[in-house]
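Spelled out from the first residue to the last, the chains are:
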Amino acid sequence: MKLPLFQPQRYEPIHRFNIQRSPEWGFMGSDEQEAVRVVSQVLPFRTNTYVTRNLINWDRNSGDPMFNLTFPQREMIDEEDFSTLQEVLNSGASRDEVKEVVQSIRRRLNPHPAGQLSHNVPELNGRKLEGLQHKYRETVLFFPSQGQTCHAYCTYCFRWPQFVGNSEVRFQSRSSDDLVRYLREREEVTDLLITGGDPLVMKASLLESYLAPVLEAQIEHLKTIRLGSKALAYWPFRFLTDPDSDDLLRLFERVVKAGKHLALMAHFSHPVELSTAPVEEAIRRVRSAGAEIRMQAPLVRHVNDSSDVWAALWKQGVHLGLVPYYMFVERDTGPKGYFEIPLHRAHLIFREAFNQVSGLARTVRGPSMSAFPGKVHLIGTAQIGREKVFVLQFLQARDPNWVGRPFFARFDPEACWLDDLTPAFGRKHFFFEREYEPTAVSTVA
Ligand SMILES: *Cc1c(COP(=O)(O)O)cnc(C)c1O
Ligand code: SF4
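Here the structure is a predicted model, which is why all the values come from computation and not from measurement.

**Details of the packing of helix α9 (residues 204-216) against helix α11 (residues 245-257)**
- The N-to-C vectors of α9 and α11 enclose an angle of 10°; their axes lie 10 Å apart at closest approach. In terms of orientation, α9 lies roughly parallel with respect to α11. Packed against α9, whose contacting residues are Ala204, Leu207, Glu208, Leu211, Ala212, Leu215 and Glu216, the element α11 presents Asp247, Leu248, Leu251, Arg254 and Val255 at the interface.
- Taken together, the residues of the contact of α9 with α11 sort by class into eight nonpolar, no polar and four charged.

**Thoughts on the domain arrangement of the protein chain**
- Split by domain assignment, the protein chain resolves into domain 1 (13-107) and domain 2 (113-444).
- Computed over C-alpha atoms only, the centres of domain 1 and domain 2 are separated by 27 Å.
- Listed as interface residues are 23 residues of domain 1 and, on the opposing side, 29 residues of domain 2.
- For domain 1, the biggest contributors to the area lost against domain 2 are Arg46, Tyr50 and Leu69; these three give 32% of the whole.

**Considering the packing of aromatic side chains**
- Under the criterion given, the structure shown has 30 aromatic pairs.
- When the ring of Tyr325 is compared with that of Tyr326, the centres are 4.5 Å apart and the planes differ by 55°; the resulting orientation is tilted. Neither Tyr325 nor Tyr326 differs from the other in exposure class; each is buried.
- Among the aromatic side chains, those forming a connected cluster through ring pairs are Phe394, Trp402, Phe407, Phe430, Phe431 and Phe432.
- Taking NZ or CZ as reference, Arg362 lies 5.3 Å from the ring centre of Phe354, over its face.
- Seen from the ring of Tyr325, Arg365 lies directly overhead, with NZ or CZ sitting 5.2 Å from the centre.

**Observations concerning the site of ligand 2**
- Taken together, Cys150, Ala152, Tyr153, Cys154, Cys157, Phe163, Gly197, Lys230 and His267 make up the full set of residues near ligand 2.
- More than half of the atoms belonging to ligand 2 lie within 2 Å of the grid points that define the largest cavity.

**Considering empty space enclosed by the protein**
- Inspection of every chain in the model, using the stated rule, returns three cavities of 30 Å³ or more.
- Its volume calculated, the largest cavity comes out at about 1100 Å³.
- Every element with two or more residues in the lining of the largest cavity is listed here: β5 (132-136), β6 (139-142), β8 (224-229), β9 (261-267), β10 (292-299) and β11 (323-329).
- Of the residues that constitute the lining of the largest cavity, the class distribution is 20 nonpolar, 14 polar and eight charged.
- By volume, the second largest cavity amounts to about 70 Å³.
- Lining the second largest cavity are Leu43, Pro44, Tyr153, Cys154, Thr155, Cys157, Trp160, Phe163 and Pro335.
- The class makeup of the residues in the lining of the second largest cavity is eight nonpolar, one polar and no charged.

**With respect to the layout of surface pockets**
- What the largest pocket holds in volume is close to 530 Å³.
- In terms of lining, the largest pocket is formed by 19 residues, of which the most central are Arg16, Phe17, Ser40, Gln41 and Arg106.
- Take the lining of the largest pocket: its biggest share by element is seven residues, from helix α6 (residues 95-107).
- A breakdown of the residues in the lining of the largest pocket according to their chemical character gives nine nonpolar, four polar and six charged.
- The two domains that each donate at least three residues to the lining of the largest pocket are domain 1 (13-107) and domain 2 (113-444).
- In this structure, the second largest pocket occupies an estimated 290 Å³ of space.
- Tyr11, Lys203, Trp235, Arg238 and Asp242 are, among the 17 residues lining the second largest pocket, the residues nearest its centre.
- Taken together, the residues that form the lining of the second largest pocket break down as seven nonpolar, four polar and six charged.

**Side note on the pattern of salt bridges**
- Per the counting criterion, the structure on display carries 19 salt bridges.
- Of the charged contacts in the structure, one is a salt bridge between Arg254 and Glu216, with a shortest N-O distance of 3.1 Å. Taken as a pair, Arg254 in helix α11 and Glu216 in helix α9 lie far apart in primary sequence, 38 residues in all.
- Of the residues examined, Arg254 reaches a relative accessible area of 30% and is grouped as partly exposed.
- With relative accessibility at 56%, the residue Glu216 sits in the exposed group.
- Look at the salt bridges and you will find they share partners, linking Arg127, Asp178 and Arg181 into a network.

About the thresholds
- Each chain has its residues counted from 1, following the order in which its sequence is written.
- Each chain takes a letter, starting from A, and each ligand takes a number, starting from 1, following the order in which they are written.
- A pLDDT threshold of at least 70 governs which residues receive local features in this predicted model, and a stricter bar of 80 or more applies before side-chain atom pairs are shown or counted, although totals over entire chains, interfaces and linings include all residues.
- With hydrogens and water excluded, all non-hydrogen atoms of the structure serve as input to the side-chain values.
- Throughout, an axis means a line fitted to C-alpha atoms (over the contacting stretch in the case of helices), and angles, computed between N-to-C directions, take values from 0 to 180 degrees.
- A helix here means a DSSP run of H or I that spans at least four residues, while a strand means a run of E at least two residues long, and both kinds are numbered starting from the N terminus.
- To sort the angles, those under 35 degrees are grouped as roughly parallel, those over 145 as roughly antiparallel, those from 65 to 115 as roughly perpendicular, and the leftovers as oblique.
- A contact between two residues is defined here by any heavy atoms of the two lying within 4.5 Å.
- In this classification, the charged set is Asp, Glu, Lys and Arg, the nonpolar set is Ala, Val, Leu, Ile, Met, Phe, Trp, Tyr, Cys and Pro, and all remaining amino acids, among them Gly, are polar.
- Here the limits of each domain have been adopted from an automatic or database domain assignment.
- By buried area we mean the combined loss of accessible area, with a 1.4 Å probe, across both parts when two parts are placed together.
- Between 30 and 60 degrees the pair is tilted, below 30 it is stacked and above 60 it is edge-to-face, where a pair is any two Phe, Tyr or Trp rings, Trp via its six-membered ring, whose centres lie within 6.5 Å.
- The classification of residues rests on relative accessible area computed with a 1.4 Å probe and restricted to protein chains. Under 20% of the type maximum is buried, over 50% is exposed, and intermediate values are partly exposed.
- Either the NZ atom of lysine or the CZ atom of arginine qualifies as a charge over a ring when it sits within 6 Å of the ring centre and within 35 degrees of the ring normal.
- We call a residue near a given molecule or strand whenever any one of its heavy atoms falls within 4 Å of it.
- Residues are said to line a cavity or pocket when one of their atoms sits within 4 Å of a point; the points come from a 1 Å grid over protein atoms alone, cavities being sets where a 1.4 Å probe fits but cannot get out and pockets being open sets with protein on both sides within 12 Å along at least five of seven lines.
- Occupancy of a cavity or pocket is assigned to a molecule whenever over half of its atoms lie within 2 Å of that pocket's grid points.
- Grid points are joined across faces, edges and corners, and a volume is the space filled by probe spheres set on the points.
- Whenever Lys or Arg places a side-chain nitrogen within 4 Å of a carboxyl oxygen from Asp or Glu, that contact is recorded as a salt bridge.

Dropping the structure here:
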């Protein structure tokens, strides 16, 4: 059963401090309630009544993809950690004692994968530019400080340390002054990606205060402004009935009028997120403001690990005018044991979805891993001579010369991430690892 379909008058968050007083609580089984109570101490959880009343099917709650995407599950932390935490909570321990247990569990969840914090922070005149990341030549990432939260949190999110205030490095920026200075100097940069969290949690006026200096600087080589957002899925009213919805759409128009391509990089995990009247209307409004919408999401167990789900997602997306972009492999952080899918299965799901859709949806690429050396695309498996191998390539790389060169890893049915792979044909290194060594010469064509 779905809770009655309704249009919330305003944004009403549901989080661990009010969930037990919400109607949603009554729809959960006692095991689910206990999982929410205990696991939410460690992993942040936050949703809203649009998600719980329009996207979750409460008839099949523990088997429901949107329930799993929204509420913490028992299996997301170790059995042992779960029991320890449960005991501490039930013993009436002090807040400090609970906190200590929680912190020790969090530390084991690899909070900062793929050198997220220490690498890729650009410099200008020897000064590190906080809130910027520049890993791939053409695209600079910008993290405005007020955009580091979301309209709801995905249980698989790799940004979870930001949400629990656990991010040791300030990975965010308060103004776009440095950004503009940096963009001016870097003529190779064509794309600016504003990300978070979700930058569209910001008021339109605040977003404009970041964007206006970029537009006014008239940086000729900057062609595209991208906004990474899950607002269409989690809060379509951002574009419809929020007090500043119209201002936001006018800001989009302003970006387009300034001659920039405006791309909303929309995160859609499941076709149900594209099934409601509000999301359809929101998509119409965003597109008529002149923005293009591209859709991307990670492939995760318990949420969207089925080729039919992906095929339906891409078909519905194209139907509504969206462009399918990336299918990611879930990152090696947080409750990854709960969500991860072996690479070979990820590829099968991708292929069986890809072959069900028309060419208009085959703009999508995946499965792709955002790993330390770059975005690694698993093209498929092959038999070469006597060896079964994975065929891979870079879609993005620290060194642009690495992009588009097929390379081979030994087939391993259990491998879930690049780090689990070893080179095929008895080689010691992948070609890109050789290039880390100053004396080695790459011999792979
Ligand atoms: C994915 C990503 C980008 C954008 O890559 P595109 O292939 O151009 O979409 C830029 N920077 C980082 C760090 C990324 O992970
Ligand atoms: S919308 Fe994106 S940033 Fe926000 S919780 Fe989900 S995955 Fe994380």
